[in-house]
Structure formats: C-alpha cells, structure tokens
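Each chain, letter by letter, is given below.
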Amino acid sequence: MADTWKLRCELHGHEQDVRAICAFSDSTLATCSRDKSIRVWEPIDGRDFASKSVLLGHEHFIATVIELPPCAAHPTGAILSAGYDRTMSGQTIVKPVINIWEGSTIVGVLEGHTLTVCGLALTPSGQLVSVSWDKTVRVWDLSTRQCTAVLAGHEAAVWDVLCLEDGSVLTASADKTVKRWRGAVCEHTYKGHTDCVRALALVSGIGFLSTGNDGVIILWDLAGGQLLKLTGHDSFVYSLAVLPTGEIVSGSEDKMCKVWRDGKCVASIAHAGSVWGVTALPNGDIATACSDCVARVFSRVPERFAEADTLQAYEGMLASQTISAQEVGGVKLADLPGLEVLEQPGDKDGATKIVRVDQKAFAYAWNGGESKWEQIGTVVEGPGGPGAGAGGGSGGPGELNGKQYDKVFDVEVEAGVTLKCGYNLGQNPYSVAQEFIWDNDLEQAHLDEIARWIDTQANQGVTLGEQAGGGYDPLTGANNAMNEAGSSGQSGGAGGVISFGSDQHIPKKIMTFFETPGKREAIEKKLGELNEALRTNPDGAVSALAMTPEELAVLKETMTIAFSKDSARPPQAVYALISDKLLNWPKASVFPVLDVLRLLVLNPYAAKAFSAATGNFLPAVAALCQGAPDQVPPPTRIMAIRLFANCFRNADMRALIAQHCAGVLAAAKGSGAFANAQVHAAYGALLLNVAVQSKGSSGGGIPADAVVAAVNGAAEFLHTPSAVSGGSEDGIFWVMAALGTLVHENPSAHAVAVGLQVKGAAGGVAGAA
C-alpha cells in the first residue's frame, strides 16, 4: 500500500544549491551549499525548524557535512565538513580541506587530498574516513589530526564512503565499482553497476545499498550477492538513506525523492529541482537537500504536516513547473488523451501521464497514498532530441541554479565528475564558456575547447546569424525580433517560439533579502547617542520615548539574537518596547532601530509574535517610511523598506505583510525620487518579493489591489530619470524583473502596465544602459 508523505516545513537561507543534509541524533539538521556556508537548524514547535547558526569559513563550494558525536578530542561534539578545490590555469587556488567546527568556529583543518573531498564517514572506533575525486581514500586520527593511511585502488573519482559495524570500510567510485577495505587492503570489489556509483547506505543486519548514474539501487550482502534491484528513477540517483523502519529513501536528478518498501516504491515526493541529498530523522521523517536552494522536511504523520496554505502553495509551485516535451519522451499534442484518462488509477506510485486540455499539455503523477492524480507541471515544446530535459542535462530546456535556460548540458570534465552548463539560444558560446570556467574554476586553457563544444551542441540546426525564435513581449503580446545580443535580428524561424516568459529572469521565482548584519558596535553606539538625545529633550512627550536602562538591556539582548541569526526566543518585553516607544521615535532618529528590526523579523519566534499581535507593527513602520526625500532621511527609508523585504522570508511574516501589502507599497512608493542607490535597491527587492509571492497559490495572499499598486510603483520608478540614470543597477534590475513577473500571465496587471506606458519606460532604461 502506498504512503501519504506531505511537506512538514521548508528551510530557507541558502543562496545556492543545497548539496548535502545530515540529521543529528537530537534531530538537529545541518545543510551545506555551493554558497560556501553550512547552516545548522533546530526543531521548534514540533513542526518547524529554525536556523540556529551559520558556519562561514570555507573558501569554496561545500560538498558534504556530518556530525561528530562527543569524543575524547571533542568532548562536546563537532561538525565535520569538506568541499571542492578551486584551480585556475593548472594552479590550485583553494585547497580541498576538511574543516572541524565547534560551534561556529573552525578548530581544526585536515589537508592531504589534492582534489574535491566529497564524502566523510566515521568508523566505530572514531576515526574519520574521507574520499575524493583524487581517486584516494584517507583515514584520519582526529586526536592528532594526522592522516594515518591512504587507500589507493579505485581507477576514477571516489564519491561516497560507508563505515561498517565490523570496522571495514566501503567506498563508491566513478569506476563503476564499490570496494570493501580492511585496513589498507581491498578485500572485495563489488561489480554490478553500469555507470558511476555515487551513494551508499547501511542496511543493518543485511548488507548495504549502492546507487548512482545508472539509476539502479542495489541491495548487497557483504559477500557480494545482489539481493535486490530497485528501478524507478528516471535519471541519476545522488543519495540514499534508510528510515528507522528499514524503508529505503532515494534522491535523484529527476526531482523525486522516493520511498521503497519490500522492493516496491511506495511514495514519490516531488521537488522543484534535483534532490542532491536525503537523510532520515530519528522520528521517521525525511529531510532533503534540493538544487532550488531549499532544504525540506517531509512527514507521513498528519500532526506534523504543514498548514493547509503552505501545502497548497508548495503544490501550486510544483504544478507551475514547465517540463520539456523531450523530458517525457517526446509528445504530439494531437495524439494526447484528454482528462478522461485520469479516471483510471495509476498502476504504481509516481506513474505519470500527459494529458491534453484545450491546446496545452499537462503532466500528472499518481499519488498512491491518496489515490489521486496530481498535476506536476506544464509540458512545453523545446529544443533538443529525445531524452533532453529540465535538469537532465541532455540538451533540453531546464533550470540551473535558479535560472531558466533554453538548453542545459551535462559536461563531463573528468571521469565521474559531471558539471552542468546552461545556455540560451543566441548567446555567444565563448561568453558562456568563460562563465562556465569561472563558475567551476576550470583551467583557462580549456576555453576554446568548451566554446566549440557548446557551439556544436547548442546550435545544431541553427544557422549562425539567424534567430532561433521570436521573443514574446508580456506587455504587448507582440513578438520581439531583437536577439539577445541586442542587435536588430531577423524575425524568428519556423521552429518553436522562445517566449519572454521563459527567459531566465521572467518570471522570477527567488526572492531577495537583506540578512547581513551591520556593525553591531556602531549601531549600539548610535542607539545610545540618540536615546540620550531623546532623554534630555525639553519636550516631555519626546523625552518619554527614551529607553530606561532596563529597556536598553532588553534591546541589547534582542540584538544579540538578531545579529547572530540565532533562533533563540527574544525577550518578551521587547515587543511592548517596540510598539510603545521605539516605533514612535522621530523619523530622523529611528533608522538604527529599523536596522535591528529588519533582522529581528527573520527570527521565527519574533515572526510569530508580530503576526499574532493585534498592534500596528507594519503600519507603524510604513508611517516612518512614507514621505518625500525632504521629509524622510534616506537611512530611515532604506532600513524600513529592507524590513518590508525581509518579511517575505518567514511564513508568518509573509501572511502579515500580505495583509498590509497595499499600505506598505503606498508608503514605499516614490523611492525613485531619492538620490540614493541603496533606497533604489531596497525598493526593487520589495517589489520583486511582492511579485514572486503573488505567483503562489491563490496569489500568495497578495490582494489584487496590491498587485496593481506594485505595477504602479514599478512604472513610476522607471519613469523617474534619476532612478534609471546613475541609480542602483540592482534596483533597476529587480524593479524590471518584478514588473515582468507581475504581468506574466496576469491580464489585469498587463493592462495596467500598458496603460502606464511601461514598455516605453523599459526601453528607455535599456537605452540608458
């Protein structure tokens, strides 16, 4: 019988792919990312997780993270992480290292591998074992922090390591094998995969699991017998875990996390991107690391399911994804069945069907747990041959690092090491190749080779100098004959049209936040000076707004939590202090208060407190923000709008700002008139976050009048000469991205934008650039 797994919560914070996730014994989670950070998350309220700490210290991408339980060398325990090396022109710029963390501090660094370290595990005796693309396995003594053995024998990159209960070690490699080591001796080689082996997992009392690029999961006994083969994923399988019940969990490039029981798939949990990592929590829930920059926790216990609106928003986001026709094997619209085919149940969990509704094709997947078909995406035509797909990397349209591309390729840079490259038709292959080299720190000498390869793969059937297709203008509905380079091109060919709506910038799906704290000492000093000025003001009404020493201590305690991004609960007294005094400070004095508050709204406890209060938190901030440049000091305007933008980070604050959205936008309108690039950037981020939120299920709670207000604000900004000439490039980009997202598939917003002559204003911006 199939299971019903649903979203429990989402863990937002990383800015790039979440590459790995680890569950600690106390249910704490640790995630690592291409953004060079590790985030530690602790469970709160029985459902949500909150960011406990952010570990910064790696100089390059991070590949793996594990828990080190308390031991002689680290009595309170530690975190171990390892990452990618960085090379340029054949020289190593950043060494591949293993970092040892206590709290947020690196207390030890292990060096020895010469290429990316992508797997870590602990032996029963407490030794650390690491594996690398350099084809070696290293064993480390954590007390001396010395390498005690180097195991060589694999013929290609080593991707994963698993330490067995008897002290032997298993390693998985791109040479298509798994090896079992005792000491420095390889005592068995397991052969059965037809491609790179990327992940291992222990099945206690039975043997172990292996999987990889061939998409097959094999259960082995230690003698080398294959006990079971599981097939069902449509692409590479990157990770494995085993639940306390013995069920198997797998994560794949096909955007699915699957649960297996008794040799059958009993659940397929859809994601918005590649599932890089999976881990099992002690309570039987599943946590995943995804390429869309988000980690998630799923449960089959109804009491731990997310709120209904959160579930609806997530399901709506999944349903809004576009899937290339090639990704599902190639389809012809006329040959597709209608919705009546969905009256028959699926033959297995995760089974898919493509159906025709009017002149569109939609993909549905069978949810065996709930015995129903669920829409998982809209099928679109795209370039590439059969099998090309979004994220599959075979040359079809897809998403990479949060951006949409006409083609996404897999580029194997060495045996077992495959990187992804995104390309939009019309781009200069050399520019794309150079960005690919910089992003992945490859040798510059490969530029010509990569550019020629991209040109060959990406432009098959496309004559140089011709458009691959016309661009759709969402403001007018007309095709745009300008190519991406900006020169006047010819009109599109007869092939599939590339719509502006599928460009990498429109519609935007990722929000922007202002999470970096300012200099605390300077802010505390300024708060003290301004508080003293209020206290000594001869006007009694003004002096009454000054904080007492006790209140100042409460604010400093709150700052400690907010500035460290700690998920601790702020003192309860701070909320009355904020509403009764701090938000009543004069506009010229309140900016350091707002600087603290824009970080405080990121705290989950504070978010719940603000959303549950009956006061006027956001209207009070809006009142401080509102006014012309001669009425509102730029620092106050900046911090107020940054606070509004940050409100979209947390579900509780999102609901609150959606309620007050029209008023917030009215207060922030006119930001283009401020001769301050930071005001422009903050305003652009606010509009962008409103736009992205409005594309959620049921409009994300953003009222229709607020969408119109956002379009009006963006139009006003683009019609303001001082905002578009010499203003913030980020601000201009975010305003235009917000505008495109707001009008995308929204006829009412589109009509407002046309009436406000936004197209002409946007053209003026392009001309100024």
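Residues numbered from 1 in each chain as written. Predicted model: local features only at pLDDT ≥ 70, side-chain atom pairs only at ≥ 80, totals over all residues. Heavy atoms only, no water.

### Comments concerning the overall build of the protein chain
Right, on to step 1. Assigned secondary structure in the protein chain consists of 19 helices and 40 strands.
Right, on to step 2. Across the 769 residues of the protein chain, 54% fall into the buried class.
Right, on to step 3. Accessible area for the protein chain stands at about 31,700 Å²; split by element, carbon and sulfur atoms hold 51% of it. (Helix = DSSP H or I, 4+ residues; strand = E, 2+ residues; numbered from the N terminus. Buried < 20%, exposed > 50% of the residue type's maximum accessible area, 1.4 Å probe, protein only. Areas by Shrake-Rupley, 256 points an atom, 1.4 Å probe, with all protein chains shown as cover.)

### What to know about the nonpolar core
Right, on to step 1. Ranked by internal contacts, the top residues of the largest apolar core, which has 90 residues, are W585, L594, F610, F617, L643 and F644.
Right, on to step 2. No other element matches helix α14 (residues 677–694), which puts 10 residues into this core. (Core = buried A, V, L, I, M, F, W, Y, C linked by side-chain atoms within 4.5 Å.)

### A short note on unusual backbone geometry
Glycine aside, a negative phi is what most residues show, and trans is what most peptide bonds show.
Right, on to step 1. Of note, K36 is a non-glycine position whose phi angle comes to about 75 degrees, a positive value.
Right, on to step 2. Its location among the elements puts K36 in the loop between β3 (29–33) and β4 (37–44).
Right, on to step 3. Look at K255: it is not a glycine, yet its phi comes out positive at around 70 degrees.
Right, on to step 4. In this fold, K255 is placed in the loop between β25 (248–252) and β26 (256–261).
Right, on to step 5. A relative accessible area of 15% means that K255 is categorised as buried.

### Comments concerning the packing of aromatic side chains
Right, on to step 1. Within the structure shown, the criterion is met by 12 aromatic pairs.
Right, on to step 2. On the basis of an interplanar angle of 25 degrees and a centroid distance of 4.4 Å, the ring pair of Y238 and W276 is categorised as stacked. On the criterion of sequence distance, the pair formed by Y238 in strand β24 (residues 237–242) and W276 in strand β28 (residues 275–280) is long-range, its members being 38 residues apart. With respect to burial, Y238 and W276 carry one shared label: buried.
Right, on to step 3. Each residue in the set F61, Y84, W133 and W159 is aromatic and connected to the rest through ring pairs, giving one cluster.
Right, on to step 4. If you follow R19 out to its NZ or CZ, it ends over the ring of W276, 3.7 Å from the centre. (Phe/Tyr/Trp six-rings, centres within 6.5 Å; stacked < 30°, edge-to-face > 60°. Lys NZ or Arg CZ within 6 Å of the ring centre and 35° of its normal.)

### Some words on the environment of V65
Right, on to step 1. Within the secondary structure layout, V65 lies in strand β6 (residues 62–68).
Right, on to step 2. The exposure class of V65 is buried, given its relative accessible area of 4%.
Right, on to step 3. A sequence separation of 33 residues divides V65 from I98, and the C-alpha atoms of the two residues are 9.5 Å apart.
Right, on to step 4. Dropping the residues within four chain positions of it, V65 is found in contact with A20, C22, A30, T31, C32, I38, I79, L80 and S81. (Contact = heavy atoms within 4.5 Å.)

### Brief notes about the confidence of the model for the protein chain
Right, on to step 1. Looking at the protein chain, the pLDDT average stands at 81 and 80% of residues meet or exceed 70.
Right, on to step 2. Confidence drops under a pLDDT of 50 for residues 460–504, and excluding neighbours within four residues, the segment shows 69 contacts in the predicted structure.
Right, on to step 3. A low-confidence stretch, residues 765–769 stays under pLDDT 50, and its non-local contacts, those more than four residues away or across chains, total 5 contacts. (pLDDT = per-residue confidence, 0-100.)

### Structural notes on the sheet that holds strand β5 (residues 48–56)
Right, on to step 1. Taken together, 4 strands build an open sheet; the order of strands is β2-β3-β4-β5 and the sheet is antiparallel. Of all the strands in the sheet, just β2 (18–23) and β5 have a single pairing partner and so form its edges. Taken pair by pair, the neighbouring strands of this sheet meet at an average axis angle of 25 degrees, ignoring direction.
Right, on to step 2. Bridge analysis of β3 against β4 gives 4 bridges, and the strand direction is antiparallel. Each residue of the ladder has a partner; that of L29, found in β4, is W41. (Pairing = 2+ DSSP bridges. Axes fitted to C-alpha atoms, helices over the stretch in contact; angles between N-to-C directions.)

### Here's the deal with the sheet that holds β24
Backbone hydrogen bonds are what pair the strands of a sheet, in a parallel or an antiparallel way.
Right, on to step 1. An order of β24-β25-β26-β27 is seen for the 4 strands of this open sheet, with the pairing classed as antiparallel. Bordering the open sheet on either side are β24 and β27 (264–270), each of which pairs with just one other strand. Across this sheet, the average inter-strand angle for adjacent strands is 20 degrees, counted without regard to direction.
Right, on to step 2. Both β26 and β27 contribute to a ladder of 6 bridges, which runs antiparallel. In the sheet register, V259 faces β27, and the bridge partner there is A267.

### Digging into the packing of α14 against helix α15 (residues 704–718)
Right, on to step 1. α15 packs onto α14 with a crossing angle of 145 degrees between their chain directions and a minimal axis gap of 10 Å. Considering the relative orientation of α14 and α15, their crossing is left-handed. Residues H680, Y683, L687, V690 and S694 of α14 touch α15, and the partners they reach there are V707, A710, G713, A714 and F717.
Right, on to step 2. Class assignment of the residues belonging to the contact of α14 with α15 gives a composition of 7 nonpolar, 3 polar and no charged. (Left-handed = near helix turned anticlockwise from the far one by under 90°. Nonpolar A, V, L, I, M, F, W, Y, C, P; charged D, E, K, R; others polar.)

### Thoughts on helix α13 (residues 661–668)
Right, on to step 1. By the burial criterion, the buried members of α13 are C661, V664, L665, A667 and A668. End-on view of α13: buried residues confined to an arc of 160 degrees, all on one side of the axis.
Right, on to step 2. Buried-residue contacts for α13 involve α10 (617–625), α11 (634–646), α12 (651–659), α14 and α15.
Right, on to step 3. Of the residues flanking the end of α13, it is G670, one or two places downstream, whose phi is positive at about 90 degrees. (Arc of directions from axis to C-beta.)

### Considerations on the packing of helix α6 (residues 549–563) against helix α8 (residues 591–600)
Right, on to step 1. Their axes nearest at 9 Å, the elements α6 and α8 cross at an angle of 50 degrees. Overall, the two elements α6 and α8 adopt an arrangement that is oblique. Note that α6 runs across α8; the crossing there is left-handed. When α6 is examined against α8, the residues T558, M559, A562 and F563 are found in contact with a partner set consisting of V596, L599 and L600. (Parallel < 35°, antiparallel > 145°, perpendicular 65-115°, else oblique.)

### Regarding the side chain of S81
Right, on to step 1. For S81, the location among the structural elements is in strand β7 (residues 78–83).
Right, on to step 2. Looking at S81, its side chain comes within polar contact range of the side chain of W101, at 2.8 Å. (Polar contact = N/O pair within 3.5 Å; in protein donor to acceptor, adjacent residues only side chain to side chain.)

### Brief notes about the state of the cysteines
Right, on to step 1. Tallied over the entire structure, the rule returns 0 disulfides.
Right, on to step 2. The thiol sulfur of C22 is not disulfide-bonded, and the nearest other cysteine sulfur, from C32, lies at 9.5 Å.
Right, on to step 3. Owing to a relative accessible area of 12%, C22 belongs among the buried residues under this scheme. (Disulfide = S-S within 2.5 Å.)

### Some thoughts on the environment of V355
Right, on to step 1. Its place among the elements puts V355 in strand β32 (residues 352–357).
Right, on to step 2. The exposure class assigned to V355 is buried, which follows from its relative accessible area of 0%.
Right, on to step 3. Residues V355 and E340, spaced 15 residues apart in sequence, show a C-alpha to C-alpha distance of 8.9 Å.

### Looking at the pattern of salt bridges
Right, on to step 1. Throughout the structure, instances matching the rule amount to 20 salt bridges.
Right, on to step 2. For D292, the salt bridge identified is with R296, shortest N-O distance 2.8 Å. Neither D292 nor R296 differs from the other in exposure class; each is buried. (Salt bridge = Lys/Arg side-chain N within 4 Å of Asp/Glu carboxyl O.)

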